[in-house]
Amino acid sequence: MKFTKMHGAGNDYVYVNGFEETIDNPEELAVRVSDRHFGIGSDGLILILPSDRADVRMRIFNADGSEAEMCGNGVRCVAKFVYERGLVRKERLIIETGAGLLPVELFPDAGGRVDRVRVGMGEPRLTRGEIPMAGPADERAVDIPFEVAGRTLRATCVSMGNPHCVIYVDDVDAFPVAELGPQIERHPLFPQRTNVEFVQVLSQGEVRQRTWERGAGETLACGTGAAAVTVAGVLTGRSGRRIVNHLAGGDLVLEWLEAGPVLMTGPATEVFSGEFPL
Ligand SMILES: N[C@H](CCC[C@H](N)C(=O)O)C(=O)O
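Here, residues in each chain are numbered from 1, in the same order as that chain's written sequence. This being a predicted model, a pLDDT of at least 70 is required before a residue's local features are given, and a value of 80 or more before pairs of side-chain atoms are given or counted; all residues contribute to the totals for chains, interfaces and linings. Note that the side-chain values use all heavy atoms of the structure and ignore hydrogens as well as water.

## Remarks on the UniProt feature "active site" (unreviewed entry) in the chain
Then, number 1: Those residues carrying the UniProt feature "active site" (unreviewed entry) are C71 and C222 in this numbering. Separation in sequence by 152 residues is not matched in space for these annotated residues, since their most distant C-alpha atoms are only 7.6 Å apart.
Then, number 2: Each helix corresponds to a stretch of at least 4 residues labelled H or I by DSSP, and each strand to a stretch of at least 2 residues labelled E; elements are numbered beginning at the N terminus. Secondary-structure assignment places C71 in the loop between β5 (67–68) and α2 (72–84).
Then, number 3: Residues are treated as being in contact if the distance between any of their heavy atoms lies within 4.5 Å. Discounting residues that sit within four places of it in the chain, C71 has contacts with N11, Y13, I46, M58, I60 and T224.
Then, number 4: Note on placement: C222 falls in the loop between β14 (217–219) and α4 (223–236).
Then, number 5: For each residue, the accessible area found with a 1.4 Å probe, counting protein chains only, is set against the maximum for its type, and the residue is called buried under 20%, exposed over 50%, and partly exposed in between. Of the residues examined, C222 reaches a relative accessible area of 3% and is grouped as buried.
Then, number 6: Among residues more than four places away in sequence, those in contact with C222 are N11, N73, H164, E197, Q209, T211, E213, L247 and L252. UniProt positions are given in the numbering used here, feature names are shortened, and annotations may be inferred rather than shown by experiment.

Here it is as structure tokens:
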């Protein structure tokens, strides 16, 4: 199987061109390729597929084999992949994801190379029923207290098609992400588990985020998580509608438009291509 390794701000995936390859068991393949010792090494597997509803379709599988609805860093790399290889030679395209049909804008250089992509991430879903999380289905969860590992934390929960639990901390470097991340990911509040974002506010327009991802562990960046953090900042008054999010692997620029969708602009990088035995 031919593959291409790409990353968005350090959130790295193995990409397979589904226009040329057929993958029968993506859940199992995701686990194999993601292994950083016995496989290729990645946060998961992304399939680039034909679509009868959009220019291209993306399916994303976490390193544990679970399929997710959406991947913000991944969708930027999918756009780069299809443009540079001439599969979809358009600077504005629509990508079909589990979170809906998303508009994407590319900024190719004179040589047709794409390093930066803007994604319309769609509107946040804010009710417990949509996230999903326990509690009254039509209620929001903004700065709510909850118990984990004997501590009381406060969370703001947002879905961008996939679930996010946003927690504000004073010092994101010092926070025990590896200890608390997995316990929050699997907290009984979240019937489909959740991604967890730990956020330190630097100013109204700047935050630092660390991420414990559902099905992948701590990653260097999370695009849907950064979108959820943008929304949580506005809902809690901690940051503005337009922010620069400094993640471990790079920066993302985000804006939650009054009209509803969240825009995210960030890097898309190709590392290498290769062959992997199925
Ligand atoms: N772990 C996520 C999927 C990957 C999302 C993230 N890598 C992004 O850039 O949005 C989930 O299970 O919902």
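## Considerations on the pattern of salt bridges
Then, number 1: Salt bridge, as applied in this entry: a Lys or Arg side-chain nitrogen positioned within 4 Å of an Asp or Glu carboxyl oxygen. Tallying each qualifying case throughout the model produces 21 salt bridges.
Then, number 2: Across the pair E270 and R85 runs a salt bridge whose closest N-O atoms are separated by 3.0 Å. Of this pair, E270 sits in strand β18 (residues 269–275) while R85 sits in the loop between α2 and β6 (92–97), placing them 185 residues apart in sequence.
Then, number 3: Classification of R85 as partly exposed rests on a relative accessible area of 34%.
Then, number 4: The partner of R113 in a salt bridge is D115, and the shortest N-O contact between them spans 3.3 Å.
Then, number 5: The exposure class assigned to R113 is partly exposed, which follows from its relative accessible area of 47%.

## Here's the deal with the packing of aromatic side chains
Geometry of an aromatic ring pair is reported as the spacing of the ring centres plus the angle between the planes.
Then, number 1: In summary, the pairing rule links any two rings of Phe, Tyr or Trp, Trp by its six-membered ring, whose centres are within 6.5 Å, and it sorts them by plane angle into stacked for under 30 degrees, edge-to-face for over 60 and tilted for everything else. In total, this model carries 3 aromatic pairs according to the counting rule given.
Then, number 2: Where Y13 meets Y15, the ring centres are 6.5 Å apart and the plane angle is 80 degrees; that geometry is what we call edge-to-face.
Then, number 3: Among the residues examined, Y15 registers a relative accessible area of 0% and is labelled buried.
Then, number 4: Ring geometry for F175 against F198: centres 4.9 Å apart, planes inclined by 35 degrees, an arrangement best described as tilted. On the criterion of sequence distance, the pair formed by F175 in the loop between β11 (163–168) and α3 (177–185) and F198 in strand β12 (residues 195–203) is long-range, its members being 23 residues apart.
Then, number 5: Put simply, a charge is over a ring when the Lys NZ or the Arg CZ is close to the ring centre, within 6 Å, and near the line of the ring normal, within 35 degrees. Over the aromatic face of Y83 sits the side chain of R89, whose NZ or CZ is 4.4 Å from the ring centroid.
Then, number 6: Note that R241 overlies the ring of W256, its terminal NZ or CZ placed 4.5 Å from the centroid.

## Focus: the UniProt feature "binding site: substrate" (unreviewed entry) in the chain
Then, number 1: In this numbering, the UniProt entry assigns the feature "binding site: substrate" (unreviewed entry) to N11, N62, G72, N73, N162, N195, E213, R214, G223 and T224.
Then, number 2: Counting through the fold element by element, G72 comes out in helix α2.
Then, number 3: Looking at G72, the relative accessible area reads 1%, which means it is buried.
Then, number 4: Apart from the residues within four sequence positions on either side, G72 is in contact with M121, G223, T224 and M264.
Then, number 5: Along the chain, N195 turns up in strand β12.

## Some thoughts on the pairing of strand β15 (residues 242–247)
Then, number 1: Note: two strands are recorded as paired if DSSP finds a minimum of 2 bridges between them. Summarising the sheet, strand β13 (residues 206–213) and β15 pair through 4 bridges and their orientation is parallel. In the strand pairing of β15, V207 is matched with N245.
Then, number 2: Remark: 2 residues form the turn of the hairpin made by β15 and strand β16 (residues 250–256), two consecutive strands paired antiparallel.

## A look at the nonpolar core
Then, number 1: We call a set of buried residues a nonpolar core when its members are Ala, Val, Leu, Ile, Met, Phe, Trp, Tyr or Cys and they connect through side-chain atoms within 4.5 Å of each other. The biggest cluster of nonpolar side chains holds 52 residues, and the ones touching the most others in it are M58, L93 and I95.
Then, number 2: Bear in mind that the domain bounds are from an automatic or database domain assignment. No fewer than three residues from each of domain 1 (2–120 + 267–275) and domain 2 (144–260) sit in this core.
Then, number 3: Excluding anything up to four places from it in sequence, I95 contacts A54, V56, M58, V75, V78, A79, G100, L101, L102 and V104.

## Looking at the environment of E218
Then, number 1: Tracing the sequence through the fold places E218 in strand β14.
Then, number 2: Residue E218 is classed as partly exposed on the basis of its relative accessible area, which comes to 35%.
Then, number 3: A sequence separation of 78 residues divides E218 from R140, and the C-alpha atoms of the two residues are 26 Å apart.
Then, number 4: Dropping the residues within four chain positions of it, E218 is found in contact with V177, R210, T211 and W212.
Then, number 5: Within polar-contact distance, the side chain of E218 engages the side chain of R210 at 2.8 Å. In the analysis that follows, any N or O atom pair within 3.5 Å is treated as a polar contact, provided that within protein one partner can donate a hydrogen and the other can accept it, and provided that, for residues neighboring in sequence, both atoms belong to side chains.

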